[in-house]
Amino acid sequence: MRRVALVLIAVTALALAGCSRDFDRGPTGKVTDKVKSGKRYYLVVDPTKGGDVKKFRVSKSDYHDCYRGSKYPQCVDD
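Residues numbered from 1 in each chain as written. Predicted model: local features only at pLDDT ≥ 70, side-chain atom pairs only at ≥ 80, totals over all residues. Heavy atoms only, no water.

**Examining the pattern of salt bridges**
Point 1. Overall, the coordinates contain two salt bridges when judged by the stated rule.
Point 2. A salt bridge links D33 to R68, with the nearest nitrogen and oxygen atoms 3.2 Å apart. Taken together, the positions of D33 in strand β1 (residues 29-37) and R68 in the loop between α2 (60-65) and β4 (71-72) put the pair 35 residues apart, joining distant regions of the chain.
Point 3. Overall, the relative accessible area of 54% leaves R68 in the exposed class. (Salt bridge = Lys/Arg side-chain N within 4 Å of Asp/Glu carboxyl O. Helix = DSSP H or I, 4+ residues; strand = E, 2+ residues; numbered from the N terminus. Buried < 20%, exposed > 50% of the residue type's maximum accessible area, 1.4 Å probe, protein only.)

**Section: the sheet that holds β1**
Point 1. Taken in spatial order, the four strands make up an open sheet running β3-β2-β1-β4, and their pairing is antiparallel. The sheet is open, and its two borders are formed by β3 (54-58) and β4, each paired with just one other strand.
Point 2. The pairing of β1 with β4 spans two bridges and is classified as antiparallel. Residue K30 lies in a different strand from β4, and its bridge partner there is K71. (Pairing = 2+ DSSP bridges.)

**Describing the packing of aromatic side chains**
Point 1. Scanning the model with the defined rule gives two aromatic pairs in all.
Point 2. Plain terms: the ring middles of F56 and Y72 are 5.0 Å apart, the flat faces sit at 55° to each other, and that makes the pair tilted. Taken together, the residues F56 in strand β3 and Y72 in strand β4 connect sequence positions 16 residues apart.
Point 3. Overall, F56 belongs to the buried group, its relative accessible area being 7%.
Point 4. The exposure class of Y72 is buried, given its relative accessible area of 3%.
Point 5. Against the face of Y63 rests K34, its NZ or CZ located 4.5 Å from the ring centre.
Point 6. Geometry around Y42 places K55 over its ring, the cationic atom sitting 4.8 Å from the centre. (Phe/Tyr/Trp six-rings, centres within 6.5 Å; stacked < 30°, edge-to-face > 60°. Lys NZ or Arg CZ within 6 Å of the ring centre and 35° of its normal.)

Shown next, in the form of structure tokens:
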């Protein structure tokens, strides 16, 4: 019985790990806007080195962790 429980836990952990998305990290800068389009979440960042404003896709948890005016990527690393 114990072995079956361990196998089920392992299978569940692998399934959950496979479901997580890993999006490319955006540029370092200040979050100027947050955009939600359906089930997709985006941050708009003004880079600290004077580049153009960049919009990029992030996970739902990163979207909720970062507020307008916060520093990216520090807001997701905390």
